[in-house]
Amino acid sequence: MNYNENTFFWLLLVANFFIAVNYMIIRYEQTKMRYVFLRGVIMICCPVTALFCYLLSYLFGVAFRQEEVDYENLSMDKTKKEFEQDVDKDAEMKMLPMEEVLTVSTTKDRREAMINLLKSDVSENLGLIRKAVENEDPETAHYAASALTDIMGKFTGEINRLQASYDADRTNQEVNEEYIDTVLRILDSGALLGVEEMMYLYIYTGLVENLMKHHPGAVTSEQCSMMVRALFKEGKGGQAEEWAELSLNKWPDEEQSYFNLLYIKYNLEKREDFYRVLDELKGSGIPLSPKGLDIIRYWLSK
C-alpha cells in the first residue's frame, strides 16, 4: 500500500468514525432509544459497509412509506375488517375524564371542555370547577371562577333561607333535616377548601346535634358516620369517638358502624381498641362488603 492509498484509508476511517459518533448523538436526541449506540458501534467496527447498509435501509423505508397495509391478510380469521381512519376529535374529548382534559390538553380544548361542562348540571361537578379555577389558562380559569361564584351565590341564598327558618323554630324536624341535607350536599361536592370547609363542617355538626336533641329517632346512620369524620376534622376527637360508639349501639348490624369506630380509633392512635373492634367486626356475622373484607384481610395480615 503506497502513501496515497494509506492516507485515503485513514481518512476514510476517520470520516466513518465521525459519521458514526454524530449518528449516535443525533438519533439518541431524537428517539431516546439505546439501540442507536449499537448501530453506531457496528458502523465503527464495519466501516463503510455498515453505513451503506443503514443508508440503503433508510432509503428503502422512505420509498415505500406510503404503502398501504393489507389488513385482510393480517386477519387471524381471514375475514375482512374495516378500520376507521378519521378520528372524531369531539367524541374522543367527551370520552376523556374532564380532569385529564383540563390538565394535558391544548388551550382550545380546555376552553371547549369547560364550556360544555357549564352547559351540563354543574352542581354534580363543583369539585372539577373548583380545580379549574386554578388552571394555567386564564380564560378557562375565568369561566370556572364565574360559574363557581354564581353557584355559590345561589347556594348562599338557600342557606340563608334555611338558617332563617331554622332560627325561627329549632324543633322543626323537617327544616332541620332539609338544612342538614343541603349542607351535606355542598360538603360532598368537593367545592370547599380550608376555612370554607371548616365553616360548613361546624354548621353540619351543630345541625345534627340539634336533631339528636329534639328528634333522636330521626338521626340516620349516614348522618352519624359523617359526624364522626366532621368532629375529628374539627379537632374534637373525644366527641367523634362518642358518636362512633353511638352508631355501633344504634346500628349494630351495619358494617359502617364498625368502620366509624375503626376510623376514629386509628386516628386517635388507640391501637389495642382498634384491633379489638376489628376482631368484633370479624366475629359479628355481618355480611361484609368487598371493602369490609379487604379491611379485615389487610389489618389482620400486618
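Throughout what follows, the structure given in this document is the object of discussion. (Residues numbered from 1 in each chain as written. Predicted model: local features only at pLDDT ≥ 70, side-chain atom pairs only at ≥ 80, totals over all residues. Heavy atoms only, no water.)

Below, the discussion takes up the overall build of the protein. A tally of regular secondary structure across the protein gives 16 helices and 0 strands. Out of the 302 residues in the protein, the part that is buried amounts to 31%. Within the protein, contacts between residues separated by at least 24 positions form 51% of all contacts whose residues are at least 6 apart in sequence. (Helix = DSSP H or I, 4+ residues; strand = E, 2+ residues; numbered from the N terminus. Buried < 20%, exposed > 50% of the residue type's maximum accessible area, 1.4 Å probe, protein only. Contact = heavy atoms within 4.5 Å.)

Right, let's talk about the side chain of Asn260 for a bit. Here Asn260 is to be found in helix α14 (residues 255–267). Among the polar contacts made by the side chain of Asn260, one reaches the side chain of Ser225 at a distance of 2.9 Å. For Asn260, the residues in contact, after removing those within four places along its chain, are Ser225, Val228, Arg229, Ala244 and Ser247. (Polar contact = N/O pair within 3.5 Å; in protein donor to acceptor, adjacent residues only side chain to side chain.)

The subject of this paragraph is a nonpolar patch on the surface. Taken together, the side chains of Phe8, Leu12 and Val48 make up a nonpolar region of the molecular surface, amounting to roughly 270 Å² of accessible area. Its place among the elements puts Val48 in the loop between α2 (35–45) and α3 (49–63). Judged by its relative accessible area of 40%, Val48 falls in the partly exposed class. (Patch = residues over 30% accessible without salt bridge, like charges linked within 9 Å, V, L, I, M, F, W, Y side chains within 5 Å. Areas by Shrake-Rupley, 256 points an atom, 1.4 Å probe, with all protein chains shown as cover. Salt bridge = Lys/Arg side-chain N within 4 Å of Asp/Glu carboxyl O.)

A few words on the pattern of salt bridges. Evaluated as defined, the whole model comprises 12 salt bridges. Across the pair Lys233 and Glu197 runs a salt bridge, and its minimum N-O distance is 3.4 Å. Pair noted here: Lys233 is in helix α12 (residues 221–233) and Glu197 is in helix α11 (residues 194–214), with a separation of 36 residues, a long-range link. By relative accessible area, which is 24% here, Glu197 ends up partly exposed. Among the salt bridges present, the one from Lys270 reaches Glu241, with a minimum N-O distance of 3.0 Å. Note that Lys270 is positioned in the loop between α14 and α15 (271–282) and Glu241 in helix α13 (residues 237–250), a separation of 29 residues in sequence. The partly exposed category is assigned to Lys270, whose relative accessible area is 31%. Through salt bridges with shared partners, a single ionic network connects Glu241, Glu245, Lys265, Lys270, Asp273, Arg276 and Glu280.

A few words now on unusual backbone geometry. Most peptide bonds take the trans configuration, and most residues that are not glycine carry a negative phi. Despite not being glycine, Glu269 has its phi angle at roughly 60°, a positive value. With respect to the secondary-structure elements, Glu269 resides in the loop between α14 and α15.

Residues Tyr179, Val183, Leu187, Tyr200, Tyr204, Trp243 and Leu262 are the most contacted members of the largest nonpolar core, which totals 48 residues. Once residues lying within four places of it in the same chain are set aside, the contact partners of Leu187 are Leu192, Glu197, Tyr200, Leu201, Tyr204 and Met226. Grouped together as the second largest cluster of nonpolar side chains are 5 residues, Ala20, Tyr23, Met43 and Ala50 included. (Core = buried A, V, L, I, M, F, W, Y, C linked by side-chain atoms within 4.5 Å.)

For the rest of this paragraph, the subject is α13. Since one α-helical turn is 3.6 residues long, residues separated by three or four positions face the same way. End to end, α13 covers 20 Å across 14 residues, agreeing with the expected 20 Å (1.5 Å per residue, within 8%). Taken together, the buried positions of α13 are occupied by Gly237, Ala240, Glu241, Trp243, Ala244, Ser247 and Leu248. Buried residues of α13, seen end-on, are gathered within an arc of 160° and therefore sit on one face of the element. For α13, the exposed residues set more than 90 degrees away from the buried face come down to Glu242 and Asn249. On its buried face, α13 is in contact with α11, α12 and α14. (Expected span 1.5 Å × (residues − 1). Arc of directions from axis to C-beta.)

This paragraph deals with the packing of α14 against α15. Two numbers describe a pair of packed helices, the interaxial angle and the distance between the axes. Two elements in contact, α14 and α15, have axes separated by 9 Å at closest approach and are oriented at 165°. The angle between the axes of α14 and α15 places the two elements in the roughly antiparallel class. Crossing of α14 over α15 shows left-handed handedness. Judged by residue contacts, Glu255, Tyr258, Phe259, Leu261, Leu262, Lys265 and Tyr266 of α14 engage Asp273, Phe274, Arg276, Val277, Leu278, Glu280 and Leu281 from α15. Considering only residue class, the contact of α14 with α15 consists of 9 nonpolar, no polar and 5 charged. (Axes fitted to C-alpha atoms, helices over the stretch in contact; angles between N-to-C directions. Parallel < 35°, antiparallel > 145°, perpendicular 65-115°, else oblique. Left-handed = near helix turned anticlockwise from the far one by under 90°. Nonpolar A, V, L, I, M, F, W, Y, C, P; charged D, E, K, R; others polar.)

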